[in-house]
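Residue strings, one per chain:
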Amino acid sequence: MEGVIKKLIQETVLALGLPEVPFVIERPAEMSHGDYACNVALVLGKNVGKNPHDIAKEILGKLLEQKIEGIEKIEIAGPGFINFTLSRDFFAHEIKTIVERGSEYGKNTELSGKTIMVEYTQPNPFKPFHIGHLMSNTIGETLTHILENAGAKVIRANYQGDVGLHVAKALWGIMKQNVDPTDVSAVGRAYAYGHEQYETNESAQKEIVEINKKVYDKDASVWDVYQKGREASLAAFEKIYTTLGTKFDEYFFESQTVDIGRKLVEEGLEKGIFEKSNDAIIFRGEKYGLHTRVFITKEGVLTYEAKELGLAVLKMERCAFDESITITAIEQEQYFTVVFKALEVLRPELAGKFKHIHHGMMVLTTGKMSSRSGNVITGESLLGDMITRALEKVSERGTENPEDIARAVAVSAIKYMVLKQGTEKNITFDPERSLSFEGDSGPYLQYTLVRAKSILEKAQEENITASDEGNLPELSDFERLLVRFPEKVLIALHEYAPQYISQYLTELSGVFNAWYAQEKIVDTQNPHAPYKIALTRALSMVLENGLKILGIPTPERM
């Protein structure tokens, strides 16, 4: 309908002999002001030097000369906005469309034929899966759903640092403390100990540096411990992915990128793209309005930057894609800006294929958590704590299969808190608030869906069939909001911003629950009951589709 209105405005402006100007059609802040508002008269007023209200009158007069299907009322508001109110028949038709399309409702074809790789989560073996990884996983998984919803083929990728100084610190701690390398929790503590000693003990630092070299050389003195620890870490990560509902298609490891990265930097040095500075090899980003970064140190050690170049080429060798998106914390934004510029200069054919999306940090009441400290709150422990809390709430309700429901509720609580606002913002995680069954939370959305399905089950028992006929006398805000799902999904796609979907679902649930409190839905004596059931079915479809995009599980009972 937005497209129809835009075309009508453009044709009317031309018919009046007015110049073509850019204008917007948007949703008014208040539903009482209609379904769409257009600012064309205000833009034209500035352009031709006339009163916007007078121009709006001219446009309105032309529009009222024709009967426009689906539009009930057109009026002028404020200084010259033209507001459009859609008809009752339009909404009845849209409700019918939602019910008929079911799980397909809200899908679009904007990325049809495109293949997009999304790299996210990126936990490192030998280090804890921290709460920042939960954020990256939640945002990454949701974006893959948004892209798939637009018709793209998505490759879910995970890049993990299985070599490097952090591994050497962990191995040093494991061997010094005689830790079982398959005990992931103990390995995390060994890493924290190794990091502390590296920073404060010169002798330990030298030993750790030596271990780091031995890992690259696959030295027998460390290789068995390394392999056992790596395998145990990766297996532990997989258990977390299963709980979160993630299954990766491709795994990339830092150890695979070293040789490729070195060759690329050496090639760039020969071509003058990189240069030597104090025996290190650098990329002078100032030439491109950026900053300089080291790609190979003076000791000949590859930095993360060089390995990132190797990863980009490795991705291209292994998978054919149109775009690769990497999701990490905001603190790596400048890093990726320089790396991707270096890649573009080295390989011009890859320009525009690599994109970085950053997110904020998750903080608890004690502040930001770091895996370098011994008292780290890991993502796994947070998940476990939330499941325990959720189980207490679910058990109080006497629901069947409480453990399964508790896991679903805990995951929804965490994911919603991450997705409820702009992903670039920091999050203060409040466990109790996130588990609330009322208001601004994931469990609230789940509970609303369960309530809607329960109503539909009762309607089936009473033989009330959903129908778009028998409309309610008054058009409700619930109906008007219900049909906006596809446009919210499109905005989330264009802006890589899942919060448009989560916020919409929360508003929709609130409006539905208020409507539910005022209406008797399952009523065999009421001629409007079939339409009320159609509305409830449409609500369940939109909620289910929206929660699926957000990666939030949908239990049948709560």
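Scroll up a little and you will see the structure.
Throughout, residues of each chain are indexed from 1 in the direction in which the sequence is written. Local features in this predicted model are restricted to residues whose pLDDT is 70 or higher, and side-chain atom pairs enter the listing and the counts only when it is 80 or higher, whereas totals over whole chains, interfaces and linings include all residues. Hydrogen atoms and water are omitted, and side-chain values are computed over all heavy atoms in the structure.

Participant: What am I meant to see in the sheet that holds strand β1 (residues 25-26) here?
Facilitator: Strand-to-strand pairing in sheets goes through backbone hydrogen bonds, with the strands running parallel or antiparallel. Here, any two strands with at least 2 DSSP bridges between them count as paired. In this text, helices come from DSSP runs of H or I with a minimum length of four residues, and strands from runs of E with a minimum of two, each type numbered from the N-terminal end. Spatial ordering of the open sheet is given by β1-β2-β4-β3, a layout of four strands whose pairing is antiparallel. The open sheet is flanked by β1 and β3 (71-77), the only strands paired with a single partner. In this structure, β3 lies alongside strand β4 (residues 81-86), joined through six bridges in antiparallel fashion. Opposite I76, over in β4, you have I82 as the bridge partner.

Participant: So what exactly am I meant to see when it comes to the layout of surface pockets here?
Facilitator: Taking a probe equal in size to a water molecule and rolling it over the atoms shows the remaining empty space. Computed from the structure, the second largest pocket encloses a volume of approximately 460 Å³. Buriedness of a pocket was judged along seven lines, with at least five required to meet protein on both sides within 12 Å; pockets are open sets of points on a 1 Å grid over the protein atoms alone, cavities are sets where a 1.4 Å probe fits but cannot get out, and lining residues have an atom within 4 Å of a point. Along the walls of the second largest pocket sit 20 residues, with E2, R27, Y36, P486 and E487 positioned nearest its centre. Listing elements by their share of the lining of the second largest pocket, those giving two or more residues are α1 (2-15), β1, α4 (88-101) and α18 (485-495). It is α18 that contributes the most residues to the lining of the second largest pocket, six residues altogether. Three classes are used, and their members are as follows: Ala, Val, Leu, Ile, Met, Phe, Trp, Tyr, Cys and Pro are nonpolar, Asp, Glu, Lys and Arg are charged, and the others, Gly among them, are polar. Looking at side-chain class alone, the lining of the second largest pocket contains 10 nonpolar, two polar and eight charged residues. Grid points are joined across faces, edges and corners, and a volume is the space filled by probe spheres set on the points.

Participant: It is not clear to me how empty space enclosed by the protein should be interpreted in this structure. Could you clarify?
Facilitator: All told, the structure shown has one cavity of 30 Å³ or more when counted by the stated rule. Estimated volume of the largest cavity: approximately 30 Å³. Every residue lining the largest cavity is listed: E308, L311, A312, K315, T326, F340 and F354. The dominant element in the lining of the largest cavity, judged by the number of residues it contributes, is helix α11 (residues 304-318), at four residues. Looking at side-chain class alone, the lining of the largest cavity contains four nonpolar, one polar and two charged residues.

Participant: So what exactly am I meant to see when it comes to the sheet that holds strand β10 (residues 293-296) here?
Facilitator: Spatially, the three strands line up as an open sheet ordered β8-β9-β10, and their pairing is antiparallel. Strands with a single pairing partner mark the edges of an open sheet, and in this sheet they are β8 (275-277) and β10. Within the sheet, the average angular offset between the axes of one strand and its neighbour, ignoring direction, is 50°. Taken together, the three bridges between β8 and strand β9 (residues 280-283) define a ladder with antiparallel strand orientation. Bridging from a neighbouring strand, K276 pairs with I281 of β9. Running at roughly 60° to β10, helix α12 (residues 333-346) makes contact with β9 and β10 of the sheet. Every axis corresponds to a line fitted to the C-alpha atoms, with the helix fit spanning only the stretch in contact, and the corresponding angles, defined between N-to-C directions, vary from 0 to 180 degrees. When checking whether two residues touch, look at their non-hydrogen atoms; a contact exists if any pair is within 4.5 Å.

Participant: Sorry if this is basic, but what is going on with helix α2 (residues 40-48) here?
Facilitator: Given 3.6 residues per helical turn, the α-helix brings residues three or four places apart onto the same face. V40, A41, L44 and G45 are the residues of α2 that are buried. Buried residues of α2 fall within an arc of 135° about the axis and therefore sit on the same side. Check the buried side of α2 and you find it contacts α1, β2 (36-38), α3 (52-64) and β4. With its phi angle positive at about 75°, G49 sits one or two positions after the end of α2. To sort residues, take the accessible area from a 1.4 Å probe on protein chains only and compare it with the maximum for the residue type: under 20% means buried, over 50% means exposed, and anything in between is partly exposed. This arc is built from the directions going out from the helix axis to the C-beta atoms.

Participant: What is the right way to read the pattern of salt bridges from this model?
Facilitator: Between side chains of opposite charge, pairing is possible as soon as their charged atoms come close. Only one rule defines a salt bridge in this text: a Lys or Arg side-chain nitrogen within 4 Å of an Asp or Glu carboxyl oxygen. Considering all chains together, one arrives at 29 salt bridges under this definition. Measuring nitrogen to oxygen at the nearest pair gives 3.5 Å for the salt bridge that ties E207 to K176. Here the residue E207 occupies a position in helix α8 (residues 202-217), and K176 occupies one in helix α6 (residues 165-176), the gap between them amounting to 31 residues. Overall, the relative accessible area of 32% leaves E207 in the partly exposed class. Put simply, R347 and E267 hold a salt bridge, and the shortest N to O gap is 2.7 Å. Of this pair, R347 sits in the loop between α12 and β12 (354-359) while E267 sits in helix α10 (residues 254-270); the two residues are 80 residues apart in sequence, bridging distant segments of the chain. Several salt bridges share partner residues, and in doing so they unite E141, E148 and R156 into one network.

Participant: Whenever I open this one, the packing of α6 against helix α7 (residues 184-200) confuses me. Can you help?
Facilitator: Relative orientation and spacing of two packed helices are given, respectively, by the angle between their axes and the distance between those axes. Following both chains from N to C, one finds α6 and α7 inclined at 105°, their axes separated by 7 Å at the closest point. Classified by the interaxial angle, the pair formed by α6 and α7 is roughly perpendicular. Residues L165, H166, K169, A170, W172, G173, I174 and K176 of α6 pack against V187, A190, Y191, Y193, G194, H195, Q197, Y198 and E199 of α7. A breakdown of the residues in the contact of α6 with α7 according to their chemical character gives nine nonpolar, five polar and three charged. Should an angle fall under 35 degrees it is taken as roughly parallel, and over 145 as roughly antiparallel, whereas 65 to 115 is taken as roughly perpendicular and any remaining angle as oblique.

Participant: Teacher, can you tell me more about the environment of L42 here?
Facilitator: Relative to the helices and strands, L42 resides in helix α2. Beyond its immediate chain neighbours, meaning those up to four positions away, L42 contacts P52, P79, G80 and F81.

Participant: Mind showing me how you'd approach the packing of aromatic side chains here?
Facilitator: To pair, rings of Phe, Tyr and Trp, with the six-membered ring standing in for Trp, must have centres within 6.5 Å; the planes then decide the type, stacked if under 30 degrees apart, edge-to-face if over 60, and tilted in the middle. Tallying each qualifying case throughout the model produces 24 aromatic pairs. Pairing Y120 with F248 gives two aromatic rings, centres 5.0 Å apart and planes at 50°, and the pair type is tilted. Remark: F248 occurs in the loop between α9 (220-244) and β7 (250-253) and Y120 occurs in the loop between β5 (115-119) and α5 (131-149); sequence separation between them is 128 residues. Take Y120: its relative accessible area is 0%, and that puts it in the buried class. With a relative accessible area of 6%, F248 lands in the buried category. Here the aromatic cluster, defined as three or more aromatic residues joined through ring pairs, consists of Y120, F129, F237, Y241, F248 and Y251.

Participant: Help me out: how do you make sense of the environment of I552 in this one?
Facilitator: Tracing the sequence through the fold places I552 in the segment after α20 (529-550). For I552, a relative accessible area of 4% gives the class buried. In this structure the C-alpha to C-alpha distance between I552 and K7, which are 545 residues apart in sequence, comes to 38 Å.

Participant: Mind showing me how you'd approach the nonpolar core here?
Facilitator: Burial of nonpolar side chains together is a common tendency in soluble globular proteins. Counting 117 residues, the largest nonpolar core has I9, V40, F84 and L482 as the members making the most contacts within it. The dominant element in this core, judged by the number of residues it contributes, is α20, at 13 residues. If near-sequence neighbours (up to four positions away) are discounted, F84 is found in contact with I5, I9, G34, D35, Y36, C38, L63, I71, K73 and I74. Buried Ala, Val, Leu, Ile, Met, Phe, Trp, Tyr and Cys residues form a nonpolar core when they are joined through side-chain atoms within 4.5 Å.

Participant: Explanation requested: the environment of Y216 in the structure shown.
Facilitator: Summarising the element assignment, Y216 is placed in helix α8. Among the residues examined, Y216 registers a relative accessible area of 32% and is labelled partly exposed. Considering only alpha carbons, one finds Y216 and P348, 132 residues apart in sequence, at a separation of 31 Å. Apart from the residues within four sequence positions on either side, Y216 is in contact with V163, G164, V258 and K307.

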